[in-house]
Structures are given as structure tokens and as C-alpha cells.
2 protein chains.
Amino acid sequence: MTEFELIRRLLEHIPGARTDVVLGAGDDAACLRPPPGRELVVSTDTLVAGVHFTPDVDPRALGHKALAVNLSDLAAMGAEPAWATLALTLPEADPAWVDGFAAGFGALAAEHGVALVGGDTTRGPLAVGVTVIGSIEPGRALRRDRAVPGDWICVSGALGEAGWWLTERRAGREPPPGNALDWPQPRVALGRALAGLAHAAIDVSDGLIADLGHILEASGVGASVYLDGLPLGAPLRAQPDRAAMLQLALTAGDDYELCFTVAEVDMARLDALQRRLGLPLSPIGRIEAKPGLRLLSEHAGALRIEAGGYDHFGRSG
Amino acid sequence: MTEFELIRRLLEHIPGARTDVVLGAGDDAACLRPPPGRELVVSTDTLVAGVHFTPDVDPRALGHKALAVNLSDLAAMGAEPAWATLALTLPEADPAWVDGFAAGFGALAAEHGVALVGGDTTRGPLAVGVTVIGSIEPGRALRRDRAVPGDWICVSGALGEAGWWLTERRAGREPPPGNALDWPQPRVALGRALAGLAHAAIDVSDGLIADLGHILEASGVGASVYLDGLPLGAPLRAQPDRAAMLQLALTAGDDYELCFTVAEVDMARLDALQRRLGLPLSPIGRIEAKPGLRLLSEHAGALRIEAGGYDHFGRSG
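About the criteria used
- Residues numbered from 1 in each chain as written.
- Chains lettered and ligands numbered in written order.
- Predicted model: local features only at pLDDT ≥ 70, side-chain atom pairs only at ≥ 80, totals over all residues.
- Heavy atoms only, no water.
- Helix = DSSP H or I, 4+ residues; strand = E, 2+ residues; numbered from the N terminus.
- Rg over C-alpha atoms; globule rule 2.2 N^0.38 Å.
- Buried < 20%, exposed > 50% of the residue type's maximum accessible area, 1.4 Å probe, protein only.
- Contact = heavy atoms within 4.5 Å.
- Areas by Shrake-Rupley, 256 points an atom, 1.4 Å probe, with all protein chains shown as cover.
- Pairing = 2+ DSSP bridges.
- Axes fitted to C-alpha atoms, helices over the stretch in contact; angles between N-to-C directions.
- Least-squares fit on C-alpha atoms with pLDDT ≥ 70 in both.
- Right-handed = clockwise from strand over helix to strand, strands pointing away.
- Salt bridge = Lys/Arg side-chain N within 4 Å of Asp/Glu carboxyl O.
- Phe/Tyr/Trp six-rings, centres within 6.5 Å; stacked < 30°, edge-to-face > 60°.
- Buried area = accessible area lost by both parts, 1.4 Å probe.
- Polar contact = N/O pair within 3.5 Å; in protein donor to acceptor, adjacent residues only side chain to side chain.
- Left-handed = near helix turned anticlockwise from the far one by under 90°.
- Nonpolar A, V, L, I, M, F, W, Y, C, P; charged D, E, K, R; others polar.

*Asks:* When you look at the overall build of chain A in this model, what are you seeing that I'm missing?
*Replies:* Check the secondary structure of chain A and you find nine helices and 12 strands. Against the globule reference of 20 Å for 317 residues, chain A gives a C-alpha radius of gyration of 20 Å, in line with a compact fold. Dimensions of chain A along its principal axes, counting C-alpha atoms only, are 60 × 50 × 40 Å. Classification of the 317 residues of chain A by burial places 59% in the buried group. Of the contacts formed within chain A by residues at least 6 apart in sequence, a portion of 87% connects residues at least 24 apart. A total accessible area of about 12,400 Å² is found for chain A, and carbon and sulfur atoms account for 53% of it.

Here it is in C-alpha cells:
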């Protein structure tokens, strides 16, 4: 398979057209018509074999996830996604693998109305780099530095499920089809609804403690989180060791739920929102002026939370 | 060195501010204010160790080149660059290496007024992915599919010099500082000047024959190229084997000069332009209705041009 044939297969499965795409993939660069009067929102994320996934990953799931993690970043800003570019580095060009990857990427792109407008393909160690561009009404972006004491801290969906399936996979038990680890669902509709409603937001990619910590640090505030109200994923709720499951929910990454803060006066609007979206939105704590993160529970007296989050270079000292 | 420290070092050397950057690196995504009434131009290119460069490359040159090849794509569209994102995958986080890389990237970014607004860092096989976003007046983008029979074909600067230094390096002779292989100069000012003047354009990254071939194919035309007028790089002109040097100039990649087509009536404007830019702009052939590429010479009767360009996956069959 030539590079040309590889690109042809990608473009066959991934939508490339929108009315605002003046010139799509195939020239030196893409030409796009930005929506008038809005700000652009841009995110880049790379998935590398051996770090973010194993080389024998289902290519369809990899295609899905590579786009999903970027759409999740846009969701965490409250933005509406529009265009993507794809930098695909492959050790070999296997047609079935490329078709699977493109199908997974393409299905999620179609679901969110995203057009693939460019990128490149290179022979090398397996890695997928995606840049997504979207837009938002000026001044409405959900920043990390806007949390205010008194805000409720909320999370969408459930936590710890991706971490659970990662533990299972490492123990030799393959997760079921559609599992939260391989098939994260970016909360794009939620993010759009939160723009202008929430004060601060972030997506839970490194673990709740680490990611909420970014909001606290950027906003110069602290928080209390009520562990008894934490929404645990279904497989975690079935386990007897609740302390271990709380630890997973607090520190495992890859959930791609949104963590956001909302003024007390606006909490009533969340009820209508979670019904409209069919997505649980759980209040889990409060923003406080006092710095630091306090984990409170009436039941988990023995809980010890180890350092959360993932630092790609922390181990090199 | 932690991931945080690595990012801090990058941002120390690479400019991140422009008046149109509402929110730069450090949140889930960047927020940017697009220039009103213009189209966006977006390009992505990845450099992978062992493919595009050797792992022992000077990090300063790598930082320069990773941005340069993307700016070259924008130049080939006639666009004005504005913002970049950087996806850096590193086997280890060596502070001196990171500082060198950031200095090379940052100096070129500053020269072209480009702000780094986001990206990510990952531990893994050395690779650098860059996405550059710029803008252009609507309808003025220099596309590949607009060449017209009768157009002059022109190239900027000189050809084959990057290929020459690559050959030298492979023979164990290290190219001099500032050489065209490691330090390509993206022709951004030329691209801006050609927008609205040239009919079609491309940057010479895969070799003149391959890249001019893309213009011919996209435009549905053919061409004659006059080899005796080809501007050869200085080290090539000093070599006795002119046929071999012509072959290098026609097929070696990495020159990052612009190849563009101009109507006969506009050729007079090129003279003023090359004086203003201090950059030679050489007419090397004509676009013709008859398909195919004809290489003409009064001296190089024995010239044999082998298949040009580089296909990342061509050898896998």
C-alpha cells in the first residue's frame, strides 16, 4: 500500500466536508471559514503506543479514542467542534488496520459534525496526533481559573470505570465491547450547555484529584469533596473493597467526564440539564477559600489517597 | 525533570502571546480571536526520528525545522502565520536538549510573529508534531489546482542543496552550520507577496519533479522544464558531474523553496519582488495543455531522471 492509497482509505471513512471548509485535505494546507464573531478553540493531543495504549489495540477503538480525547478538551472549554487534522505514524501500512482506525475515527467525527481537513502520514513507531479546532461565543470559554468559593463541584457520568478496565486488562481479563477505557464518550453537548452556566471546568483525563487540583491551583482556591457522594462506575459499585474503589475513582485517569463548578443559585438548572442530556450530573463537593483539597467521608475512615495523576516525565527525576 | 518543568522550559523560550490570543497554553485548549473577514489556513506536519532526522540531531536545528516545514506549507498557500501547537514525544527529558529545541523553535516563531498556544508532551520514541494556523484574504489562497497553460513555472532560491548535505552527512561529512538541510528558511514573505499574483503554488518538500507533478495533476495540465535554467545550490555548482547534480536538484526533497506558476503578463512584477525580498525567483519552465512533464536541455543529453519524491509507505507493496 502506498502513502497515497493509505490517505485515500482514511478519507473514505472520515468525513472531510462542511460548508465552512473552503479547501480540505490534499493541498499544502486547509482553508477554513471561521464562524463570524466567535473565538476559535484549539486542542492537540497525541496517543503513543506503549504509553497510552498497547500496540495490539483494536484499531477502531484507537481511531475513536484519538479523536475523543481531543473532543473532550474542547468540551471542557464549552466549545463546538468543527475541524480536525490527523498526524498518523505507522510501523507498516496494513489496509485492514487502516480501515478499522479510519472507521472508528470517522464514526465519532460524523457524530459530532467534525470534518478532517488535513494531516500527514509517516512510517515510524505507532503514534496518533490529533488537533481539533472549534469555536465558542466570545468570553464564554470554561476556563480553569474561574472557580469561586461557594461554587458546587460537579462531575458528569461516573468515575473510575476506565481505570477499572485498565486494571482488568493488565490482569489478563479483556474488557467488554464498548467499555469506558477504549471508547470514552466526549461530553460535547454537556460542555456546550455549561458555557455561560458553569464557572470553571476541566475534563478528567489524569484522575479527579489531579484535574480538580488544576482548577484549584489556577483559581487560587481550595475545596472539600464528599466521598460518599462520588458517582462510581458500575463495575466499581459491585466490588466489596469500597476504599480501594474510591481510590480508583479519585486517581485513575482516562474517564473523560467533565468536572465543573457552578454557583449555588444555578444548581437548579443542572436538574433540567441532566434530564435533557440523559447524563447524571453529580454534586460532589464545594469550592472554598481555604487552600488545599479536603476529602471527607463518614464511612471511609481508613482511606489513604496516594499521589494522583500521571506525569509523563516524573520518574526521570 | 517533571512534565511541568519540561513545559515551563518550552514556554520560556517560545513566544506565547499575541493580541489575538485570548487564552494560551495551560488550559484544556487555547482560545484565539480569528482576524475578521479572513479565511483560516491550517497545516500539520510531524518529524519522526529515524525517518526525517537522526536521533543525535542538534536539538536547536530540530526545533527550527519542525516549525519551518509547517510555516513552509502556509507560505505555499500565501497565508500569514499566527499560532502553533506542539506535540513533543521524547524518550527522556534532558534539560539541555529541551532548552536547545525550544531555542530553535522559539527563534523562528519570534521571527515570524507566531505564538505557541498549546500542545502536549509525552514520553516515547522521539517525534515532533506541529500544527500551524494562519489566515489569508478570502479566495486568495495559492492552490495546487489553478495552473493554466501558458503560465511560467518559477522557483525561489536554489534547489538540491538540502539533498547535497544529506548525501554528505550519509558519507560521514558533517554539513556546515546554518546549512539548508537542517535550517530551511520558510518563504513566508514570498508566499504573502504571491497571494493574488501567482496562479498555483507548492513548497518543494519531496523534490521538484514530485511537487511540480502535484500541481500538474491537480490542475490537469502538463509542463516543460528547461534544465539549463535550473537554479542549483552553490555546493552543486562546484561539482563536475552536472547530470548528477541536476538529478539531485530535481528529485531531492527538503529544499522548502516555493514552486509557483505566474501568467506571462505578470512576470514583470517578479523582478521587483525578487529585488525587494533579496531572493532569486527563477523561471524554469512553462505550463502546457499537453499532459506530462518534459525535461528539456541542450547539454544534458544523457540525463536519466529516476522516480522522484519520497513515499513513506511505497516500499511495503
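*Asks:* Please clarify how the sheet that holds strand S9 (residues 222-226) of chain B should be interpreted in this entry.
*Replies:* Across a sheet, strands are paired by hydrogen bonds formed along the backbone, either parallel or antiparallel in direction. All names here are of chain B. Read across the sheet, six strands follow the order S8-S10-S7-S11-S9-S12 without closing on themselves; strand pairing throughout is mixed. The open sheet has two free edges, formed respectively by strand S8 (200-203) and strand S12 (292-296), since each of these has just one partner strand. Within this sheet the neighbouring strands show an average axis-to-axis angle of 25°, counted without direction. With four bridges joining them, strand S7 (residues 152-156) and strand S10 (residues 258-262) adopt antiparallel strand pairing. Bridging from a neighbouring strand, Val-155 pairs with Cys-259 of S10. Its contacts with the sheet place helix H9 (residues 267-277) against S7, S10 and strand S11 (281-288), and it is angled at close to 155° to S11.

*Asks:* Honestly, the relation of the copies chain A and chain B in this entry has me stumped. Any pointers?
*Replies:* Each of the two chain copies goes to the other by way of a rotation about an axis and a shift along it. With an RMSD of 0.0 Å, the operation that places chain A on chain B is a rotation of 180° combined with a shift of 0.0 Å along the axis. When the rotation and shift are considered jointly, the pair of chain copies conforms to a two-fold rotation axis. Most of the interface of chain A is mirrored in chain B, where 100% of its interface residues are also at the interface.

*Asks:* Please explain the pairing of strand S5 (residues 115-123) of chain B as it appears in this structure.
*Replies:* Successive side chains on a regular strand alternate, one facing one side of the sheet and the next facing the other. All names here are of chain B. Burial of S5 is extensive: seven of the nine residues sit out of reach of the surface. Pairing geometry for strand S4 (residues 80-90) and S5, over eight bridges, is parallel. Across the sheet, Thr-85 pairs through a bridge with Gly-118, a residue of S5. Tracing the backbone out of S4, into helix H3 (residues 95-111) and back to the parallel element S5 gives a crossover that is right-handed.

*Asks:* Just checking my understanding: could you explain the sheet that holds strand S12 (residues 292-296) of chain A for this structure?
*Replies:* All names here are of chain A. The strand order across the open sheet built from six strands is S8-S10-S7-S11-S9-S12, with neighbouring strands paired in mixed fashion. Both outer strands of the open sheet, strand S8 (200-203) and S12, are each paired with one neighbouring strand and no more. With direction set aside, neighbouring strand axes in the sheet form an average angle of 25°. Lying on the sheet, helix H6 (residues 208-219) is in contact with strand S7 (152-156), S8, strand S9 (222-226), strand S10 (258-262), strand S11 (281-288) and S12; it crosses S8 at an angle near 150°.

*Asks:* Is there a simple way to think about the pattern of salt bridges in this case?
*Replies:* Opposite charge on two side chains permits them to pair, given that their charged atoms come into close proximity. Evaluated as defined, the whole model comprises 40 salt bridges over all chains. With a closest N to O distance of 2.9 Å, A:Arg192 and A:Glu137 form a salt bridge. Of this pair, A:Arg192 sits in helix H5 (residues 188-194) while A:Glu137 sits in the loop between strand S6 (127-136) and S7, and the two are 55 residues apart along the sequence. The class of A:Arg192 is partly exposed, set by a relative accessible area of 24%. Between B:Arg18 and B:Asp20 there is a salt bridge whose closest N-O contact spans 2.9 Å.

*Asks:* Explain the environment of B:Ala180 to me, please; I cannot follow it from the model alone.
*Replies:* Tracing the sequence through the fold places B:Ala180 in the loop between helix H4 (161-170) and helix H5 (188-194). What B:Ala180 contacts, discounting residues up to four positions off in sequence, is B:Glu161, B:Ala162, B:Trp165 and B:Asp254.

*Asks:* What is the right way to read the packing of aromatic side chains from this model?
*Replies:* The geometry of an aromatic ring pair is captured by two quantities: the separation of the ring centres and the angle between the planes. Residue and element names in this part refer to chain A. A full pass over the atoms with the stated rule returns four aromatic pairs over all chains. Look at Phe-101 and Phe-105: their rings are 6.2 Å apart centre to centre, the planes differ by 35°, and that puts the pair in the tilted class. Of this pair, Phe-101 and Phe-105 both sit in helix H3 (residues 95-111), four residues apart, roughly one helical turn. Judged by relative accessible area, Phe-101 falls into the buried class, the value being 0%. One aromatic cluster is present, built from ring pairs that chain together Trp-97, Phe-101 and Phe-105.

*Asks:* Mind showing me how you'd approach the interface of chain A and chain B here?
*Replies:* Between chain A and chain B, the contact holds 61 residues from the first and 61 residues from the second. Overall, the association of chain A and chain B removes approximately 5,000 Å² of surface from exposure, summing both partners, and the carbon and sulfur fraction of that is 56%. Close ionic contact of B:Asp27 with A:Arg144 constitutes a salt bridge, the shortest N to O distance being 3.6 Å. Linking chain A to chain B there are 15 residue pairs in polar contact (both at pLDDT 80 or more).

*Asks:* Help me understand the pairing of S8(A) in this model?
*Replies:* Residues and elements named next belong to chain A. Burial of S8 is two-sided: the residues Ala-200 and Ile-202 facing one way and the residues Ala-201 and Asp-203 facing the other way are all buried. In the sheet, S8 pairs with S10 via four bridges, with the strands oriented antiparallel. Bridge assignment links Ala-201 to a residue of S10, and that residue is Phe-260.

*Asks:* Explain the side chain of A:Arg144 here, please?
*Replies:* Following the sequence through the fold, A:Arg144 ends up in the loop between S6 and S7. Within polar-contact distance, the side chain of A:Arg144 engages the backbone oxygen of B:Gly26 at 3.2 Å.

*Asks:* Would you mind showing me how to read the packing of helix H2 (residues 59-77) of chain A against H3(A) here?
*Replies:* Helix-helix packing is characterised by the crossing angle of the two axes and by the distance between the axes. All names here are of chain A. For the pair H2 and H3, interaxial distance at closest approach is 6 Å and the crossing angle is 35°. Between H2 and H3 lies a crossing whose hand is right-handed. Between H2 and H3, the residues in contact are Pro-59, Arg-60, Leu-62, Gly-63, His-64, Leu-67, Ala-68 and Leu-71 and Trp-97, Gly-100, Phe-101, Ala-103, Gly-104, Phe-105, Leu-108 and Ala-109, respectively. Partitioned by chemical class, the residues of the contact of H2 with H3 number 11 nonpolar, four polar and one charged.

*Asks:* Which parts of the structure should I look at to understand unusual backbone geometry?
*Replies:* The bulk of non-glycine residues show a negative phi, and the bulk of peptide bonds are trans. Non-glycine residue A:Tyr256 carries a positive phi angle of around 55°. Within the element layout of this structure, A:Tyr256 appears in the loop between helix H8 (242-251) and S10.

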